[in-house]
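Chains, contacts and geometry: an overview
Spelled out, the chains give:
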Amino acid sequence: MTAPPTNDIPAGPRKPAQGATAEELLKARADLPPRSAEAEALSAMVVDMYAPVARREARRYRGRGEPMDDLEQVAMLGLTRAVAYYDPDYGKPFLSYLLPTVTGELKRHFRDNTWDVRVPRKHQEKRGELNRFTVEFAQEHGRSPTTGEIATALDIDERTTEDLLNASRAYSALSLDAPCGTGEDAPSLGDTIGGGDGGQDGVEEHQAVREVLGRLPERERRIVLMRFYGNRTQTQIAEVVGLSQMHVSRLLSATLEDLRQDLVGAD
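The number of helices and strands found in the chain is 12 helices and zero strands. The order of α-helices and β-strands along the chain, N terminus first, is α-α-α-α-α-α-α-α-α-α-α-α. Each of the 267 residues in the chain was classed as buried or not, and the buried ones make up 27%. Accessible area of the chain: about 18,500 Å², with a carbon and sulfur share of 50%.

Next comes the structure, spelled out in structure tokens:
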């Protein structure tokens, strides 16, 4: 039997050459079964190839209150997503797809994780534009821009500008433990905030009790005052008013119930 021509034998996926580009590696991956070991290996090669680029993008966002390790992890997440979703048939360099993917992940991280107060997303996204304009304006004019000037520059109305300015202040709330001053013994911000006056909380209650006490008969009022304002025992009160301790106890119970009903009725 004559053997079939060799050009009729289906060829397997072509392996990328040594030193292949990311585009070539991902093109070769497209010819492999998804999630196969060979496809995963090619993806890992591209991740290793562009990891320095992702870390470089992460460093651009340092100094904004987030740990550098966290930023690098977010950037690497963007890199792996770029590798996973890049379409080699699109005809664009991999780097042109990678950079916006990584920076998008970093910006999303700041937007979703570093705002101390939840604000509308439109204000979160506009904050960067606001910051750039105010810095450039201050450098050029030597002062901060007015609300109207910001509104004109950002092409929004003044009411929206005021909302944006208020939202921007929520980006990073100042801790109450932050020092107020530069010295070692400087008090914290929390130390400068006045506490509540507990005496004020009971002013209305004291006035109400005083009024209902004034409506009691003289004997009952005297017994209550000696018990709760004079700190005397029932036995001591009984000796003063010439009654038995049991009688004083019954009078106190009945009088306190009357006072309670009077106060509840007053509310």
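Picking up where we left off.
On to the side chain of E105, then. Note that E105 resides in helix α4 (residues 94–113). A polar contact of 2.6 Å, which involves the side chain of E105, links it to the side chain of R81. When neighbours within four sequence positions are excluded, E105 is seen to be in contact with V74, L77, G78 and R81.

Moving on, we get to the nonpolar core. If you look at the biggest cluster of nonpolar residues, it comprises 28 residues, and the most contacted ones within it are V46, Y50, L79, V83, F94, L98 and L106. Put simply, the parts of the chain that give this core at least two residues each are α1 (22–30), α2 (37–59), α3 (68–85) and α4. Top contributing element to this core by residue count: α2, with nine residues. In contact with V46, not counting residues within four places along its chain, are A22, L25, L26, V83 and F94. Counting residues in each nonpolar core, the second largest holds 12 residues, with L213, V224, M226 and I237 among its members.

Below, the discussion takes up the pattern of salt bridges. One pass over the structure, following the stated rule, counts seven salt bridges. Among the salt bridges present, the one from D89 reaches K27, with a minimum N-O distance of 2.7 Å. Taken together, the positions of D89 in the loop between α3 and α4 and K27 in helix α1 put the pair 62 residues apart, joining distant regions of the chain. The closest approach of N and O atoms between R81 and E105, which form a salt bridge, is 2.6 Å.

Here we take up helix α6 (residues 147–154). The complete set of buried residues in α6 reads I150, A151 and L154. All buried residues of α6 fall inside an arc of 100° around its axis, so they share one side. Phi for D155, located one or two positions after α6, is positive at around 60°.

Taken as a whole, the second largest pocket holds about 310 Å³ of empty space. The wall of the second largest pocket is formed by R29, A30, L32, P34, R35, A39, E40, S43, V47, T80, V83 and A84. When residues of the lining of the second largest pocket are traced back to their parent elements, those giving at least two are α1, α2 and α3. The element best represented in the lining of the second largest pocket is α2, accounting for four residues. Residue classes in the lining of the second largest pocket are distributed as seven nonpolar, two polar and three charged.

Rules used in this analysis
For every chain, the first residue of the written sequence is number 1, and numbering continues from 1 along that sequence. Residues qualify for local features only when their pLDDT is at least 70, as the model is predicted, and side-chain atom pairs are given and counted only at 80 or more; totals for whole chains, interfaces and linings, by contrast, use all residues. Processing note: side-chain calculations cover all non-hydrogen atoms of the structure and skip hydrogens and water entirely. Only DSSP runs of H or I with at least four residues qualify as helices, and only runs of E with at least two residues qualify as strands; both kinds are numbered from the N terminus onward. Between buried and exposed lies partly exposed: a residue is buried under 20% and exposed over 50% of the maximum accessible area for its type, with that area taken using a 1.4 Å probe on protein chains only. Computed by Shrake-Rupley with a 1.4 Å probe, the accessible areas treat only the displayed protein chains as cover when residues are assessed. Pairing of N or O atoms within 3.5 Å defines a polar contact, subject to two protein rules: one partner must be a possible hydrogen donor and the other a possible acceptor, and residues neighboring in sequence count only if both atoms are side-chain atoms. Working rule for contacts: check all heavy atoms of both residues, and any pair within 4.5 Å makes them a contact. Each nonpolar core is a collection of buried residues, namely Ala, Val, Leu, Ile, Met, Phe, Trp, Tyr and Cys, held together in the definition by side-chain atoms within 4.5 Å. Put simply, a salt bridge is a Lys or Arg side-chain nitrogen that is within 4 Å of an Asp or Glu carboxyl oxygen. In this context, the arc is that of the directions from the helix axis out to the C-beta atoms. Using only the protein atoms, space was sampled on a 1 Å grid; points where a 1.4 Å probe fits but cannot get out form cavities, open sets with protein on both sides within 12 Å along at least five of seven lines form pockets, and lining residues are those with an atom within 4 Å of a point. Grid points are joined across faces, edges and corners, and a volume is the space filled by probe spheres set on the points. For this classification, Asp, Glu, Lys and Arg are treated as charged, while Ala, Val, Leu, Ile, Met, Phe, Trp, Tyr, Cys and Pro are nonpolar and the rest, including Gly, are polar.

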